[in-house]
Each structure stands twice: as C-alpha cells, then as structure tokens.
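Take a look at the letters that make up each chain.
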Amino acid sequence: MTGETPVANRRVWLVAIFLFIVGDGLTLQTRGPLLRSFEADFGVSEALLGLVAPAGTIGFVVAVLVVGFLAGRVDITRWLLVGVGITAISLLLAAGAPVYWLLLLFILGQGTATGIVRGLDRPILSHLYPDQRARMFTLHSLAWSVGALFGPIFVNWVLAVTSWRVTFLLLGTFFMPLFVLLARIELPAAVEAERDLSVAAFGRLVRDPVILAMIAAITLVGAFEGIIFTWLPFYASSFIPMDRANLLLSAYLMAYIPGRICYSWLVDRISALVLVVVLCTAAVPAVAVMVSGVTGPLLYASVLLAGFFASGMFPLISAFGIERAPEYTGPISAMGTGGAYVGLAIGPLIIGAAAEVTGIAAAMGITVFVAVGLTITVLLMWVLDRLTVRRDRQSSPTAGD
C-alpha cells in the first residue's frame, strides 16, 4: 500500500458517507409532503397519519443504539453494506404497498436499515478527522440538509406527473450505486481507534451529567425538528395551497444550508456550547411567529429564521458530547442520535393526537413549548459543563500554581 492510499481512501469514505446522508435527508423529507397522498389513497385519519414518523423511527433508534454500542467490535464495512442494501430494498417495496399497514412496515424496515448506517457514520468521521470533529459533524449535517431541502420539491415534481409511489421507487434506486461503491473500497486504519465499550466505561458515560443533558437536549431537538418536518406542510395547507405548503418546508430546510456553512466556520472561533445557547434562545420567538397563524412574507421570514437557528443545534450538541470521550464516539453518537430520533417520532405523534382533538393550528402551538424546554436544557448543560471544568481545575495537582 502506497503512502497516498490512506488519504485517497479517507476522501472516498467521506464522499460515500455524505452521499448516504444526502439520500437519508431526501428520504426523510418526503414523508411530511406525502401525508395528504397517503390520506387520499388509503383513507386514514390524522391520528393514523401520525404513525408515519414513529414507523420510520422505532427501528432506526434500536439499530443506532445496538450498532453504535458495538462499533468497536463489528465489521464496519459489512454492516454498512447490510444497511445500505436493506434501505434500498425497503424503499422499493414501499412503492408497491397495497395497504397502509404494509407501507408502515416497509418504512419501519427502511428506518431500521438506515439506523445501521447512521450508527457508524459519525464514528468513522470522528476517527478520520479527529482534529476537525465539530466542523466535520456540521458539514455532515449540511450534506443531510442538501438532501432534505429537495425532499418536498422532489415530491411536488413526482406528484405533478405521476403517482406518489414513484417517489419511493426513485429513492430506492438512489442507494444502489452507493452499495456498489462501499463494496469496492477499504476502510482506513484510523477507524480502529474506536474502543470496545466495557461495562465500567458505559457506567461512567451514563453517570456523566453533561452526557445526560446532551441526550436530553438532542431529544428535544429531534422533537422540535420532527414536528416541523412532518406537520408544517399539513398545517400550512389549511390556509395556503398544498404545493406552496410543501415549498414552505423547503424554505425551512433551505435555511439549514447557509446556517450550517456559517456554523462550520464559527465553531473554530466560538465555543460550540455557547453558540448552541444563542441559537436555541433566538429560535423561540421565530417559532412562536411561525405557528401563530400569520401568512404572507412574515410567515416565510419566520420559517427561514427558525430553520437558520435550528440548523446548528444537532451537530454542535453531538460534537460537544463526543469531545467528552472521543474514544467512545460510537456509543455517545448512538445515544445522541437515538435520542434525536426518539424525539423525531414522539413529537409528530403528540401533534397528531392533539390535532385530532383541537385541530392542527392549535396543536402546532406545542412547538413553542418544545423550543423553550430545549433552551432551558441547553443552559443547564452549559452550567453543568462549567461546574465540571471548575471541579477538574480544583482537583488538578497544579491547581494552586
């Protein structure tokens, strides 16, 4: 092996991971815009439509947790191939689902397979770029944003010319070349820095109050984003045409791109945690306006601002948590990502249940309370981190020098 091979492999793996995350974002952001199509085709209620998000999330969370905790001992390439392959197959099967419950089953399969890959992608990046971890995580999330941005646009294009089923057919086809690429490249040796998680080490991680606060914060980020991803088009379609409502979600996701570009630059100059506190605080009034029933330019402005502020929350919080114990990137990333997708499932489910009773306009007000809870949790995480730093300084042998 020549001296150039590891660098080349590292770059190819970066491309492969980013391509998958683009597809993941694209796939996830087709679900909300397709709810009206599912409602019309299968004749289901709003409460049953609320099951789409948890169906794609339950298996995902289990897979992320299992694979993430085993990241130090599994054959990473083999598991990635399994995840990508089943993702493609599940999407192709969803395209032909004859009844709603089978559609949910195939979405469950796709979510589980995607979780296998997502349990390993951040650990790979963490070890390939240990000195640029926060920046790479933000760029990783930026790649997701690019795919997510085109989700509603993609749905509008498909529905304009054919059935919603073609959406899943094309998505399944997207992942096939990626499977071939992963089968042909070698995993760089740097990834072997991931340590096998012992019972004692796991105990230390789950007793760390900062790690626990990180998981809580990311779970609330997931709930916040899940509500908007799933229900914003449905909410907006109650007072504007459906195609414009789908584009409203694209506007929200479009703001993720400049936001994450900005934060990938700022994170080298400002503490990631301080930056997150600012973003969460600023998001609260933007979200309050967004779900207040306003229309026209003010609605679009509030959506863009909410997306811009929200875009930095997940990558910066997760990168901060991993810095606590980078040799256990897999487990920490798994707990964070699992928490995010638990929130992603529960948030839309709560809105669906509330909308059945109060209507979608009133139910969307819950989003403001989620944003406030997130801000309080992030502030708590900052306080806990400061207390930990002060304690470590006081216990250091050179603390009095």
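Preceding this paragraph is the structure being described.
Residues numbered from 1 in each chain as written. Predicted model: local features only at pLDDT ≥ 70, side-chain atom pairs only at ≥ 80, totals over all residues. Heavy atoms only, no water.

K.L.:
Describe the overall build of the chain, and please don't skip the residues or the numbers.
P.N.:
Regarding its fold elements, the chain presents 18 helices and 0 strands. Radius of gyration (C-alpha) of the chain: 21 Å, near the 21 Å computed for a compact globule of 401 residues. Principal axes of the C-alpha set define a box for the chain whose edges measure 70 × 45 × 35 Å. Sequence-distant contacts in the chain: of pairs separated by 6 or more residues, those separated by 24 or more amount to 86%. Here the chain carries 23 positive and 22 negative side-chain charges, and the mean point of each set is 3 Å from the other. (Helix = DSSP H or I, 4+ residues; strand = E, 2+ residues; numbered from the N terminus. Rg over C-alpha atoms; globule rule 2.2 N^0.38 Å. Contact = heavy atoms within 4.5 Å. Lys, Arg positive; Asp, Glu negative; His and termini not counted. Charge placed at Lys NZ, Arg CZ, Asp CG, Glu CD.)

K.L.:
Got a sec to walk through the packing of aromatic side chains? Specific residues and values, please.
P.N.:
Within this structure, the stated rule accounts for 18 aromatic pairs. On the numbers, 5.3 Å between centres and 55 degrees between planes, the contact of F20 with F175 is tilted. Taken as a pair, F20 in helix α1 (residues 5-42) and F175 in the loop between α7 (165-174) and α8 (176-183) lie far apart in primary sequence, 155 residues in all. Note on F175: relative accessible area 2%, which makes it buried. A ring pair is formed by Y100 and W101, whose centres lie 6.0 Å apart and whose planes are at 65 degrees; its orientation type is edge-to-face. (Phe/Tyr/Trp six-rings, centres within 6.5 Å; stacked < 30°, edge-to-face > 60°. Buried < 20%, exposed > 50% of the residue type's maximum accessible area, 1.4 Å probe, protein only.)

K.L.:
Which residues make up the environment of I21, and what values go with them?
P.N.:
Examined against the element boundaries, I21 turns out to sit in helix α1. Its relative accessible area of 0% is what places I21 among the buried residues. Remark: the alpha-carbon pair of I21 and A143, spanning 122 residues in sequence, is separated by 6.3 Å.

K.L.:
For the side chain of D385, give the residues involved together with the corresponding values.
P.N.:
Inspection of the secondary structure assignment puts D385 in helix α18 (residues 366-395). A polar atom in the side chain of D385 sits 3.0 Å from the side chain of R386. The residues contacting D385, other than those within four sequence positions of it, are V210, L273, F320 and R324. (Polar contact = N/O pair within 3.5 Å; in protein donor to acceptor, adjacent residues only side chain to side chain.)

K.L.:
Outline helix α12 (residues 256-266), listing residues and values.
P.N.:
Spacing of three or four residues puts side chains on the same side of an α-helix, whose turn is 3.6 residues. Within α12, burial applies to Y256, I257, G259, R260, Y263, S264 and L266. Looking at the buried residues of α12, the elements they touch are α6 (133-161), α10 (209-236), α11 (242-254), α13 (272-290), α14 (297-310) and α15 (313-322).

K.L.:
Help me get a handle on the pattern of salt bridges, residues and values and all.
P.N.:
For the structure on display, the rule yields 6 salt bridges. The salt bridge involving E39 is made with R36; its shortest N-O contact spans 3.3 Å. Note that E39 and R36 are positioned in helix α1 at a spacing of 3 residues, about one turn of the helix. Using a relative accessible area of 24% as the deciding quantity, one classes E39 as partly exposed. Residue R386 is joined to D385 by a salt bridge in which the shortest nitrogen-to-oxygen separation is 3.0 Å. Judged by its relative accessible area of 38%, R386 is partly exposed. Salt bridges sharing partners connect three or more residues here, namely D24, R118 and D121. (Salt bridge = Lys/Arg side-chain N within 4 Å of Asp/Glu carboxyl O.)

K.L.:
Hey, could you go over a nonpolar patch on the surface for me, with residue numbers and the actual values?
P.N.:
Among the surface-exposed residues, I58, V62, V66, V99, W101, L102, L105 and L108 lie close enough to one another that they form a single nonpolar patch of about 710 Å² accessible area. Going through the elements one at a time, α3 (52-69) and α5 (100-128) are the ones with two or more residues in the nonpolar patch. Here the element with the most residues in the nonpolar patch is α5; it accounts for 4 residues. By the secondary structure assignment, L105 is in helix α5. The exposure class of L105 is partly exposed, given its relative accessible area of 47%. (Patch = residues over 30% accessible without salt bridge, like charges linked within 9 Å, V, L, I, M, F, W, Y side chains within 5 Å. Areas by Shrake-Rupley, 256 points an atom, 1.4 Å probe, with all protein chains shown as cover.)

K.L.:
Before we move on, could you go through the side chain of T377 and cite the residues and values that matter?
P.N.:
Looking at the secondary structure, you find T377 in helix α18. We classify T377 as buried; its relative accessible area is 14%. Beyond its immediate chain neighbours, meaning those up to four positions away, T377 contacts A213, A216, A217 and L220.

K.L.:
An account of the environment of L93 is needed here, citing residue identities and associated values.
P.N.:
Residue placement: L93 occurs in helix α4 (residues 76-94). Through-space distance from the C-alpha of L93 to that of F168 is 8.2 Å; in sequence the pair is 75 residues apart.

K.L.:
Pulling in residues and values, what's your account of helix α16 (residues 329-358)?
P.N.:
Here α16 spans 42 Å end to end across 30 residues, near enough to the 44 Å set by a 1.5 Å rise per residue. With 22 of its 30 residues buried, α16 lies for the most part within the structure. Positive backbone phi, approximately 95 degrees, marks G359, located one or two places after α16. (Expected span 1.5 Å × (residues − 1).)

K.L.:
Tell me about the packing of α13 against α15, and name the residues and values.
P.N.:
Contact geometry for α13 and α15: axes closest at 9 Å, N-to-C directions at 150 degrees. Classed by the angle they form, the pair α13 and α15 counts as roughly antiparallel. In this structure, α13 meets α15 at a crossing whose hand is left-handed. On α15, the residues touching A272, L273, L275, V276, L279, C280 and A283 of α13 are M313, L316, I317 and F320. (Axes fitted to C-alpha atoms, helices over the stretch in contact; angles between N-to-C directions. Parallel < 35°, antiparallel > 145°, perpendicular 65-115°, else oblique. Left-handed = near helix turned anticlockwise from the far one by under 90°.)

K.L.:
Which residues make up the nonpolar core, and what values do they have?
P.N.:
Residues F38, L103, F168 and Y252 are the most contacted members of the largest nonpolar core, which totals 141 residues. Counting residues per element, this core draws most heavily on α10, which supplies 18 residues. The contact partners of L103, leaving out residues within four places of it in the chain, are F38, F42, A94, A97, W164 and F168. (Core = buried A, V, L, I, M, F, W, Y, C linked by side-chain atoms within 4.5 Å.)

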